[in-house]
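Structure assessment
For reference, the chains in residue letters:
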Amino acid sequence: MYSCLARSLRCNVGAWPSYVPSSTLAVLRSPDRRSPDHHCPHRPLTSSLPLQEARPLRDPRLTPARSMGTGTRRKRPPSAFPVLEEKLQPIHTHVYEANLRNSTACQQRYVTFREKVRKGGGENAVARHTQRNKKLLVRDRLRLLLDDEDFLELSPFAGLGLPYGDIPSAGCLTGVGRINGLWCVFIANDATVKGGTAYPITVKKQLRAQDVAMQNRLPCVYLVDSGGAFLPLQSEIFPDKNQGGRTFYNEAIMSAMRIPQVSVVCGSCTAGGAYIPTMAEEAVMVHRIGTIFLGGPPLVKAATGEEVTPEDLGGATLHAEVSGCVDHFAWDEKEAYMYTRNIISTLNYELPEEEEEQGRRVEQPLHSPEELMGLAPLNYNHSLDVKLLLSRLTDGSKFQEFKARYGTSLVTGFAKIEGHLVGIVASNGELSCAASLKGSHFVQLCDQRDVPLLFLQNTAPRPRHTHTLSQADTNSNRLKAQGSMMSAVACATVPKITVVIGGCYGADSYAMCGRAFDPHFLFLWPNARVSLVAPGYAAALTPPEGEEGEGALRKINKRLEEESSAFFSSGRLWDDGVILPQDTRKVVGVCLTISQQQRYQLSTEKTCSPMLRV
Ligand code: COA
């Protein structure tokens, strides 16, 4: 399945529209550097939980044994899910066209932002980085490190439009890519952005990438090239729990969780940054380019009057031969990434086995995913039946619906996406009491069966008010049912992926596995809106009184308009990135593949304390 997905993605590359970002998605273009085929047999999922979470881990004795090279292959029982016969009717045309116009404009914004962040810190900084400092650009580094040129990049627009300015890609690239066939999280500083210094958003992005590594139990590689904290904003970086120090805390916790971490020192590791390689399980350092010290040469001069070169003070020779802070000395960057790839191949993972040909065949939807552009709602009133959307997302447009006649404002059921069985929970109107009870039932069902969940979120634009006794009754029943669904979602231990396809408003969005409910991955379509209430609906929260009230209301609505866009959200890292509707199938397929890799780590049952260096 694994390589089937890889191959089908590879085959599809040429067919993709030219605006599909190469970095948004792990698509495999160059098979020559990859390790032998790796496939993903269909096995029940084991739970994937970060240590910090107080949820019970499944008893490993209940996990079926792996086939471990015995040659045994498993296959799923055949399924004959019904085909969704959802066709666009003439009555839908004007809604479809309005959605399409909006999606086209949103896509243009997406392309503009993508080009902007690709430039990193700008021409001068790039020249300083490559010519004066003789270092490779961050994307060239990733090209040498990863098997494929493309990878699942996380939150590329993080850092745009912040109160302290535009910080392209938050000054560091994060994502999930393959090294010798193993999916690994990477966290790579971009030193063309203010010397790779850490802004508050940089720290947030690094912590989120570590979270992804923990939730999915993925090895993590750090490419460190950073001047440490961005000093003017130190109060927002240093003191609090989820700030700078948390990166190091996580390194220890991840090590104890048996999540391998490797660090490559390919630039400055100053002050706090120095702890990243020091706490990693294995570290590689590049001669003349890498330095590790708590205070640099200017500080030494100020304190002692002594002139010292960065290399003598904390270069690769010193740390590989004297301090022992690093384990591998590399003469140049290319050699460093080669060492790192070799280190990854020493991790005790097995790769999924070759599967039967029929298991690899992935059916395409009967309708073009391009049509999702016209189904991505301009606003809540432009939402078409979500089954139209499902028929453009699922393999063969097939869907085994659950409770089709009950609580119809939520659609639940099973489908395959890129060959992976998944439980889908999709908004199809307001999350009523019946819809929430159904959602709660279905989420628990998937959890019981270890089937990953995909939430397609498009929630109602405003809260429900209580003006009459009958409304009070309806609303309190809805409240109880939504509480039940929230509990089911929060406690489900299967991988959860959320895609906001329209509105992400108010409490309904929690039950639909919003950010606070810890989905393994959360993406937004560019048309998505994220706010407490939708723009234009502020009166639902603060009914205006008099002219002054009307004025205040206009201001709030204007603010909601500005602050609810998908790009505003992504700039602040409330999600893992904006994806185009037509890429959704492939992104979700890759996420499902990634979340299954933990099955192939050997000896996870052994308890372990963090690795302590010399
Ligand atoms: N805080 C704020 N700005 C910083 C910074 C920091 N810690 N470190 C570097 N910068 C800024 C520089 O002022 C410069 O800004 P400019 O482009 O507006 O002129 C930019 O980052 C790049 O720095 P520069 O020294 O020109 O680039 P470089 O690639 O040759 O060197 C460093 C990068 C990080 C090695 C070097 O700047 C350095 O040693 N910085 C100090 C590191 C430090 O002491 N950190 C302690 C923080 S706790």
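Before any of the text, the structure's been laid out above.
Let me begin by describing the structure that accompanies this report. (Residues numbered from 1 in each chain as written. Predicted model: local features only at pLDDT ≥ 70, side-chain atom pairs only at ≥ 80, totals over all residues. Heavy atoms only, no water.)

1. Examining the side chain of Asn557
This is how it is decided: The helix and strand labels rest on DSSP assignments: H or I over at least four residues marks a helix, E over at least two residues marks a strand, and numbering proceeds from the N terminus. By the criterion applied in these results, polar contacts are pairs of N or O atoms within 3.5 Å in which, for protein atoms, one can donate a hydrogen and the other can accept it, and in which residues neighboring in sequence qualify only through two side-chain atoms. The contact criterion used is simple: two residues touch if any of their non-hydrogen atoms lie within 4.5 Å.
Its place among the elements puts Asn557 in helix α18 (residues 546-563). From its side chain, Asn557 meets the backbone nitrogen of Gly536 in a polar contact 2.8 Å long. Within the structure, Asn557 has its side chain in polar contact with the backbone nitrogen of Tyr537 (distance 3.4 Å). For Asn557, the contacting residues outside a window of four places in its chain are Pro535, Gly536, Tyr537 and Ala538.

2. With respect to the site of the ligand
Quick note on the threshold: Near residues are defined by distance, with any heavy atom within 4 Å of the molecule or strand qualifying the residue. In these tables, accessible area is a Shrake-Rupley quantity obtained with a 1.4 Å probe, and a residue counts as shielded only by the protein chains included in the view. Any residue outside Ala, Val, Leu, Ile, Met, Phe, Trp, Tyr, Cys, Pro, Asp, Glu, Lys and Arg is labelled polar, Gly included; the first ten of those are nonpolar and the last four are charged.
Near the ligand you find 14 residues, and of these Arg132, Asn133, Lys194, Gly227 and Ala229 are the closest. For the ligand, a nitrogen atom lies 2.8 Å from a polar atom in the backbone of Gly227. Between a nitrogen atom of the ligand and a main-chain N or O atom of Ala229, the distance comes to 2.9 Å. Calculation on the ligand without its partners gives an accessible area of 850 Å², and the protein chains cover 57% of this total. Contributions of two or more residues to the shell around the ligand are made by α3 (123-132) and β5 (261-270). Looking at the shell around the ligand, its residues break down into five nonpolar, six polar and three charged.

3. Details of the environment of Arg139
We apply this condition: Remark: exposure states derive from per-residue accessible area (1.4 Å probe, protein chains only) relative to the maximum for the residue type, with buried under 20%, exposed over 50%, and partly exposed in between.
Counting through the fold element by element, Arg139 comes out in helix α4 (residues 138-145). Its relative accessible area of 17% is what places Arg139 among the buried residues. Distance in space between the C-alpha atoms of Arg139 and Asp190 is 8.8 Å, their sequence separation being 51 residues.

4. As for the state of the cysteines
In plain terms, the rule: When two cysteine sulfur atoms are found within 2.5 Å, that pair is recorded as a disulfide.
Enumeration according to the criterion identifies zero disulfides in this entry. Here Cys325 stays free of any disulfide, with the sulfur of Cys269 as its closest cysteine sulfur at 9.9 Å. On the basis of relative accessible area, Cys325 is assigned to the buried category, the value being 19%.

5. A look at the sheet that holds strand β13 (residues 496-500)
Here is the rule we go by: At least two bridges found by DSSP between two strands are what make those strands a pair. Axes, fitted as lines to C-alpha atoms, cover a helix only where it is in contact. Angles between the N-to-C directions of the axes lie from 0 to 180 degrees.
Read from one edge of the open sheet, six strands run β9-β10-β11-β12-β13-β15, paired in mixed fashion. On the outer flanks of this sheet lie β9 (400-402) and β15 (521-524), each paired with one strand and no other. If you compare each strand with its neighbour and ignore which way they point, the axes differ by 20° on average. Note that strand β12 (residues 453-457) and β13 share five bridges and pair parallel. What sits directly across from Leu456, in β13, is Val499.

6. Focus: the packing of helix α15 (residues 433-449) against helix α16 (residues 469-491)
Definition in use: The labels follow the angle: roughly parallel below 35 degrees, roughly antiparallel above 145, roughly perpendicular from 65 to 115, and oblique for the rest. Left-handed describes a crossing whose near helix is turned anticlockwise from the far helix by less than a right angle; the clockwise case is right-handed.
The N-to-C vectors of α15 and α16 enclose an angle of 20°; their axes lie 8 Å apart at closest approach. Judged by the angle between their axes, α15 and α16 are roughly parallel. For the crossing formed where α15 meets α16, the hand is left-handed. Contacts from Cys433, Ser436, Leu437, Gly439, Ser440, Val443, Gln444 and Asp447 of α15 reach α16 at Asn477, Arg478, Ala481, Gln482, Ser484, Met485, Ala488, Val489 and Cys491. Tallied by class, residues from the contact of α15 with α16 come to eight nonpolar, seven polar and two charged.

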